[in-house]
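Observations on chain architecture
Spelled out from the first residue to the last, the chains are:
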Amino acid sequence: MRYISTRGNAPVLSFSDVLLSGLAEDGGLYLPQTWPEFSLADWQAMRALPYPELAARILARFTGSDIDEDTLKTLCAKAYAGFDHPAIVPLTQVEDGLFVQELFHGPTLAFKDMAMQVLGQLFEYVLTQRDEHVTIVGATSGDTGSAAIEACRGRQRLSVIILHPKGRTSEVQRRQMTTVREPNVTNLAVEGTFDDCQDLVKSLFADIPFRQEMHLSAVNSINWARIAAQIPYYVHAALALGAPEREVSFAVPTGNFGNILAAWAARKMGLPIRQLCVGSNRNDILTRFLNANDMTIKGVVPSLSPSMDIQVSSNFERLLFELLGRDATACARIMTGFRSTGHMDVPAEVWENARTLFCGLALDDAQTEAEIRTLHQRSGYMADPHSAIGIAAGRRFRQPGIPMVAEATAHPAKFPDAMVAATGIHPALPVHLADLFEREERYRTVPATEGAIKDAVRAAVLSNAG
Ligand SMILES: Cc1ncc(COP(=O)(O)O)c(C=O)c1O
Ligand SMILES: N[C@@H](CCOP(=O)(O)O)C(=O)O
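Reading the values: the criteria
Residues numbered from 1 in each chain as written. Chains lettered and ligands numbered in written order. Predicted model: local features only at pLDDT ≥ 70, side-chain atom pairs only at ≥ 80, totals over all residues. Heavy atoms only, no water. UniProt positions renumbered as here; feature names shortened; annotations may be inferred. Near = heavy atom within 4 Å. Polar contact = N/O pair within 3.5 Å; in protein donor to acceptor, adjacent residues only side chain to side chain. Areas by Shrake-Rupley, 256 points an atom, 1.4 Å probe, with all protein chains shown as cover. Nonpolar A, V, L, I, M, F, W, Y, C, P; charged D, E, K, R; others polar. Phe/Tyr/Trp six-rings, centres within 6.5 Å; stacked < 30°, edge-to-face > 60°. Helix = DSSP H or I, 4+ residues; strand = E, 2+ residues; numbered from the N terminus. Buried < 20%, exposed > 50% of the residue type's maximum accessible area, 1.4 Å probe, protein only. Lys NZ or Arg CZ within 6 Å of the ring centre and 35° of its normal. Expected span 1.5 Å × (residues − 1). Arc of directions from axis to C-beta.

Per an unreviewed UniProt entry, the chain goes by Threonine synthase and derives from Acetobacter lambici. In the Sequence similarities (unreviewed entry) part of its UniProt record, the chain is described as follows: "Belongs to the threonine synthase family." Under the Catalytic activity (unreviewed entry) heading, UniProt states for the chain: "O-phospho-L-homoserine + H2O = L-threonine + phosphate".

Below, the structure is given as structure tokens:
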């Protein structure tokens, strides 16, 4: 299996090289050169598999000859061993035809663990084989950071540096990152938004000499391995609800567009998915696009669902590339225009094509709070603000006879203030995080400049080497 860049001007790489390099050298994102497909019988055979084996079966199509399915089985078994639910990704019916799939049973209580725990294993495996070390630089709006730190902490072959937007995550989210003591972990509180953090990470990758000198790698969903490891839970839910003989729809609270892109990839591989519904908060660039072909950047505004306070959804580029018929030149032109003008000029036929599958609903904070409250009153289900947005989108677009699965992406205990305001209940943190507020924090505040981040990365790499 080989991978190509959405901008057409970077080397074609194998899975392991894509894993280690993260972003393509031309600024584009890697995608499989050809999409693997599963037959009806292949899907049916997966129904009987425990989740880690299902994940290994799907990932094996993406790793190709770099990592075989048996090795992946071992790595996935280790990755999911620490999850606190026997089903790993339990599915619950909350309303007629509306299901919730919980993706937050990993160590950091958000869906990021689903892929990040696998990535930790993959990095360890590939770096040991090659006897190499990499420096992971990641941007987070709240959840990717702690999941990456948890997956990489204490690993000799990895240094991890995480940029979070200062004051814009929940306190639980910040403490989950900043109270980790292992010396290979560095936290930077950036004076800016998540988009600033993500841009800074990309600018470090664009400086090829710096990237090579520091052996940079990525754990954000710009890294294809993240998306690949997010595909299996869509397959798991769909098979549980009657696929491949029956269609299923998904509603996904969306920010960087990585999670829903994984569902799109599952469909590309033959999973019968009818609809993909984007849920947004007030940072509603994606729903404005879907509803009116308006992809114009407005300032990022803080919301009750801080992990989705994003305006530049990196993975949209992968969908755009596909909808343009894999025309990398057109994709590069549109993406460059977007970054210079703040407006993405999506051809009308591409927009119409996107709308045949995707739909979008945006909720403001008052609507999000009302959704959490009513859902709790009606069904007893406690959804965190992100998941609540997905559930609202799922209800809005559900079609008769087609099960709708809303992805629950975070545990409510990560957002206690919103939960208390909506339900009067303060959800407890699980035992392993019960003393989170007594742990000492370690982080440095830095301006949102490339120079400041480069200095911090150099310092972290030097101190780890010494
Ligand atoms: C809890 C939660 N829900 C939803 C999202 C949005 O997911 P994506 O960025 O993959 O669209 C995020 C952040 O990525 C998140 O942390
Ligand atoms: N919501 C994310 C933002 C980064 O998303 P990613 O999937 O690209 O890592 C977060 O919580 O950090």
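Alright, that's what it looks like, and here's the rest.
1. Focus: the site of ligand 2
The environment of ligand 2 is made up of 13 residues, and the closest members are Thr 140, Asp 143, Thr 144, Ser 221 and Asn 256. For ligand 2, an oxygen atom lies 2.6 Å from a polar atom in the side chain of Thr 140. Measuring from an oxygen atom of ligand 2, one finds a side-chain N or O atom of Arg 226 at 2.7 Å. When ligand 2 sits alone it has 340 Å² of accessible area, and the protein chains cover 96% of it. Grouping the constituent residues of the shell around ligand 2 by class yields two nonpolar, eight polar and three charged.

2. Section: the packing of aromatic side chains
In this structure the tally under the stated criterion is 13 aromatic pairs. Taken together, a centroid distance of 4.9 Å and an interplanar angle of 90° make the contact between Tyr 234 and Phe 250 edge-to-face. Of this pair, Tyr 234 sits in helix α10 (residues 224-240) while Phe 250 sits in strand β10 (residues 248-253); the two residues are 16 residues apart in sequence, bridging distant segments of the chain. Take Tyr 234 and Phe 250: they sit in the same class, and that class is buried. Aromatic side chains Phe 289 and Phe 316 sit 5.0 Å apart centroid to centroid with 75° between the ring planes, which places their arrangement in the edge-to-face category. Linking Phe 289 in helix α12 (residues 285-292) with Phe 316 in helix α13 (residues 316-323), this pair joins segments that are 27 residues apart in sequence. In this pair, the class of Phe 289 matches that of Phe 316, namely buried. An aromatic cluster is present here, built from Tyr 3, Phe 15, Trp 35, Phe 62, Trp 224 and Trp 264 joined pairwise through their rings. When the ring centre of Phe 210 is taken as reference, the NZ or CZ atom of Lys 454 above it lies at 5.3 Å.

3. Observations regarding helix α16 (residues 365-379)
Across its 15 residues, α16 extends 21 Å between first and last C-alpha, which sits within 8% of the 21 Å expected from 1.5 Å per residue. Three or more residues of α16 are buried, namely Thr 368, Glu 371, Ile 372 and Leu 375. Within α16, the buried residues cover an arc of 95° as seen down the axis, which keeps them to one side. Residues Ala 366, Gln 377 and Arg 378 are exposed on α16 and point more than 90 degrees away from its buried face. One or two residues past the end of α16 sits Gly 380, with phi positive at roughly 80°.

4. Notes on the UniProt feature "domain: Threonine synthase N-terminal" (unreviewed entry) in the chain
Residues given the UniProt feature "domain: Threonine synthase N-terminal" (unreviewed entry) here are residues 2-80. End C-alpha atoms of residues 2-80 are separated by 27 Å, and the span's content is 49% helix alongside 11% strand.

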